[in-house]
Amino acid sequence: MFHLIFGLPCVYVISRVLWPLPWPLALKAVVAVLLLIASQYHLWSRLSSGSVFAPEFPRLLIVLFNWAFGAIFLVAAMQLALDVVALASRLLPGGGWAIPAGWRYAEAALALLLSAVAVQQAVRAPPLKDVTVEIDNLPARFDGYTLLQLTDLHLSRLFPAAWAREVVTRANALGVDVIVVTGDLIDGSLASRRVDVEPLRGLHAADGVWVIPGNHEYFFEYAAWMRHYADLGMGVLENRHTVLRSGDDAVVLAGVTDLSASHSGQPAHDLDAALAGTPSGAPIVLLDHQPKDAAKAAAKGVSLQLSGHTHGGMIGGLDRLVARANNGFVSGAYAVGGMTLYVNNGTGLWPGFALRLGPWSELTRITLRPKARS
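The chain carries the name Metallophosphoesterase in an unreviewed UniProt entry, which gives Methylobacterium adhaesivum as its organism.

### Details of the sheet that holds strand β4 (residues 209-212)
Pairing between sheet strands relies on hydrogen bonds along the backbone, with the strands arranged either parallel or antiparallel. The six strands are arranged β1-β12-β2-β3-β4-β5 in an open sheet whose pairing can be described as mixed. Edge strands, defined here as strands with exactly one partner in the open sheet, are β1 (128-135) and β5 (235-236). Relative to β4, strand β3 (residues 178-182) runs parallel, the two being bridged by four bridges. Pairing of Val-181 across the sheet is with Val-211, part of β4. Along the sheet face, helix α6 (residues 161-173) touches β2 (146-150), β3 and β12 (363-370) and points at about 25° away from the line of β12.

### Some words on helix α3 (residues 41-49)
Buried within α3 are the following residues: Tyr-41, His-42, Leu-43 and Ser-45. Remark: Gly-50 follows α3 within two positions and exhibits a positive phi of approximately 85°.

### Here we look at the UniProt feature "domain: Calcineurin-like phosphoesterase" (unreviewed entry) in the chain
The UniProt feature table records "domain: Calcineurin-like phosphoesterase" (unreviewed entry) at residues 146-312. Secondary structure over residues 146-312 splits into 25% helix and 23% strand, and the C-alpha atoms at its two ends are 22 Å apart.

### Topic: the pairing of β4
In β4, alternate side chains face the same way, and those of Val-209 and Val-211 on one face and Trp-210 and Ile-212 on the other are all buried. Running through helix α7 (residues 190-197), the crossover from β3 to the neighbouring parallel element β4 is right-handed. Bridging between β4 and β5 involves two bridges; their strand directions are parallel. Note on β5: the bridge partner recorded for Val-211 is Val-236.

### Quick word on helix α8 (residues 222-231)
Turning to α8, its buried residues number three or more, namely Tyr-222, Ala-224, Trp-225, Met-226, His-228 and Tyr-229. If you follow the buried residues of α8, they end up packed against α7, β4 and β5. Looking one or two places after α8, you find Gly-233, whose phi comes out positive at around 95°.

### Focus: the nonpolar core
Within the largest apolar cluster, 67 residues are counted, with the highest numbers of intra-cluster contacts made by Leu-150, Leu-155, Val-181, Leu-200, Tyr-229 and Met-234. When residues in this core are grouped by element, the largest group, eight residues, is from helix α4 (residues 59-89). Counting residues in each nonpolar core, the second largest holds 22 residues, with Leu-147, Val-180, Leu-253 and Leu-306 among its members.

Definitions and cut-offs
- Residues numbered from 1 in each chain as written.
- Predicted model: local features only at pLDDT ≥ 70, side-chain atom pairs only at ≥ 80, totals over all residues.
- Heavy atoms only, no water.
- Pairing = 2+ DSSP bridges.
- Helix = DSSP H or I, 4+ residues; strand = E, 2+ residues; numbered from the N terminus.
- Contact = heavy atoms within 4.5 Å.
- Axes fitted to C-alpha atoms, helices over the stretch in contact; angles between N-to-C directions.
- Buried < 20%, exposed > 50% of the residue type's maximum accessible area, 1.4 Å probe, protein only.
- UniProt positions renumbered as here; feature names shortened; annotations may be inferred.
- Right-handed = clockwise from strand over helix to strand, strands pointing away.
- Core = buried A, V, L, I, M, F, W, Y, C linked by side-chain atoms within 4.5 Å.

Dropping the structure here:
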């Protein structure tokens with residue numbers, strides 16, 4: 001069913017864009033077969049590795065698959081818009097607009113160009129984004145405290161060791177106080193990704209590097225990955241917290257497992273456990289991969305929640321659908337009760353849909369400031 005769904009836009013493109021063109025039948029048949037092959041990218045991924053989430057092809061082939069796959073979806077959307085206009089024209093006096101072949105060529109060319117841009121934006125090393133968050137009762141010693149949020153790296157054949165080293169170099173150059181990684185670090189087994197994840201050992205910050213699992217960790221040897229993250233020098237916050245101290249002042253850094261954890265037979269997402277025993281009055285920064293339960297965190301007194309998971313929606317328009325699946329949260333800062341929720345667009349993204357048009361990737365430096373008194 002999964003592969004059939006992704007094949008439907010391709011069938012639409014073949015029937016409404018390709019087949020009406022004045023080409024020889026043999027040429028249209030060859031192009032149709034190539035489009036069908038590209039549309040089944042996830043099937044080929046599953047055959048290559050046993051999972052749609054971890055294609056084990058050469059990086060260039062993954063890039064080309066994403067480019068073709070993205071172009072199919074974009075041209076399908078454009079053709080649908082043209083078909084709606086053509087259908088509506090039949091309601092007008094003397095109507096019945098026929099879509100000329102030139103329009104089909106134009107939309108195909110535009111889709112190929114936009115998809116190429118989208119893939120390039122997806123696979124680049126992310127630029128820095130600065131965010132300031134005001135927190136009630138922030139201790140004086142934490143005024144100006146900086147956190148670097150990485151999320152959704154999806155280290156894989158598409159985001160390999162060389163890409164990870166560039167991210168680590170950029171992260172360390174910022175000299176932040178603490179680094180947090182809010183899940184979905186990998187796509188693949190430990191044996192497949194050991195080399196790609198090794199550069200993360202080089203991350204460093206004065207108050208450490210802390211990590212939580214995302215939903216993709218549960219697709220691949222969860223327990224082994226959590227142990228390996230610890231071996232790389234990262235503190236793993238599975239339904240627990242640590243206390244960041246500066247003199248007598250303190251800020252709590254808490255982390256929870258993913259909302260999908262219980263489906264994999266792993267410790268369920270448990271915010272109460274993560275916050276148990278926190279120092280009274282200390283502001284709480286929560287790491288939670290998915291943003292959809294932000295209101296529950298706000299009700300528990302969390303000051304700042306850092307999430308990822310949505311990849312910012314990836315493409316303008318598609319981001320609205322992603323928001324609906326995440327209680328309206330998709331990208332950037334939200335006021336949720338007295339709490340700030342920040343949803344990061346992602347450092348990388350899933351190699352099965354490596355396209356970005358609008359919501360760009362980011363290295364997110366967050367500076368804490370006390371909330372101004374009114």
